[in-house]
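One-letter residues, chain by chain:
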Amino acid sequence: FTRFEPAGPVQGNDSIKFATSILDYVFRELAVSYMSRFDLGHVDVSESGFDALGKGEDEGKAPADQNKYVSKGLTRSRTDNLVVMRAPAPAETTDARASGNVTSLWPIDYGHTPIGFHFSGLAYERPGWALVSTYEGGYPDAFTWMDDQVFAVELKAGGRVVRLAHTHSAVNSNVEHDYWAEPHASVNADFTRVLFTSNWGRSGTEEVDMYMIELPADWVEKMAK
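All of these numbers come straight from a predicted model, not from anything done at the bench.

## Quick notes on the sheet that holds strand β7 (residues 186–187)
So, step 1. Spatially, the three strands line up as an open sheet ordered β7-β8-β9, and their pairing is antiparallel. With one partner strand each, in any of the chains shown, β7 and β9 (209–214) form the two edges of the open sheet.
So, step 2. Relative to β9, strand β8 (residues 193–198) runs antiparallel, the two sharing six bridges. Its bridge partner being in β9, S198 is matched across the sheet by D209.

Shown next as structure tokens:
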């Protein structure tokens, strides 16, 4: 979560009662309102009525199935879709690469400027696709097709790439405030909403705006094969 002024208690919101920054508040509000991520609010509105009974002796207890630690808001109450997976040890990762069981998607050209990546794989209702956002040190000049972009990539060799937006965000690794300007795009469950941040070329100002991309539900099917 980001932390910068103005920050503090929130008035007039049933679910969110405190925010560490405007960006923190906006992301929480969008997550609660559009993605049902009620875990990112401070009050469960369904339990705040005068006739709410609570959960009795189960109040505050961990779920019975300790193998599942997934927010009901994230999975829209379908917690059977996601389970916690143990991360592979470095040796296992090395063995997988040595076996050749690796799918190369697209080459990355590091020959011009450093380039940073952020990957979002939250679209579990649209399997086979991931969201990628990038930033590089040469803005406004672009040297490769993926510089300063938000795009969807099909997770197979030679898969399709759908360019969704140019971030227009100037990120200088030597400027502390530009950390907040990294786009860090994130996608919702069915890949119809994408959020990303940008300082729109205002390097060093800490002035960051958030943008939302809306996609039709059948955008994949409408594309030419």
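## Some details on the packing of aromatic side chains
So, step 1. On inspection of all chains with the given rule, the structure shows eight aromatic pairs.
So, step 2. Ring plane angle 70° and centroid distance 6.1 Å describe the contact between W106 and W145, whose orientation is recorded as edge-to-face. A residue pair is termed long-range when its members are at least 10 positions apart, and W106 in the loop between α3 (90–98) and β3 (115–120) and W145 in the loop between β4 (129–136) and β5 (149–154) qualify at 39 residues.
So, step 3. Given the relative accessible area of 40%, W106 is considered partly exposed.
So, step 4. Taken together through their ring pairs, the aromatic side chains of W106, W145 and F151 make up a single cluster.
So, step 5. We note R126 situated over the ring of W219; from NZ or CZ to the ring centre the distance is 6.0 Å.

## Some words on the sheet that holds β5
So, step 1. Reading across from one edge, β3-β4-β5-β6 is the order of the four strands in this open sheet, with antiparallel pairing throughout. Two strands in the sheet have a free side with no partner beyond their single neighbour: β3 and β6 (161–166). Here the average twist between neighbouring strands, direction ignored, is 25°.
So, step 2. Sheet topology note: the β3/β4 ladder contains six bridges and is antiparallel. Bridge pairing in β4 links G116 to Y135.

Reading guide: rules and limits
- Residues numbered from 1 in each chain as written.
- Predicted model: local features only at pLDDT ≥ 70, side-chain atom pairs only at ≥ 80, totals over all residues.
- Heavy atoms only, no water.
- Pairing = 2+ DSSP bridges.
- Helix = DSSP H or I, 4+ residues; strand = E, 2+ residues; numbered from the N terminus.
- Phe/Tyr/Trp six-rings, centres within 6.5 Å; stacked < 30°, edge-to-face > 60°.
- Buried < 20%, exposed > 50% of the residue type's maximum accessible area, 1.4 Å probe, protein only.
- Lys NZ or Arg CZ within 6 Å of the ring centre and 35° of its normal.
- Axes fitted to C-alpha atoms, helices over the stretch in contact; angles between N-to-C directions.

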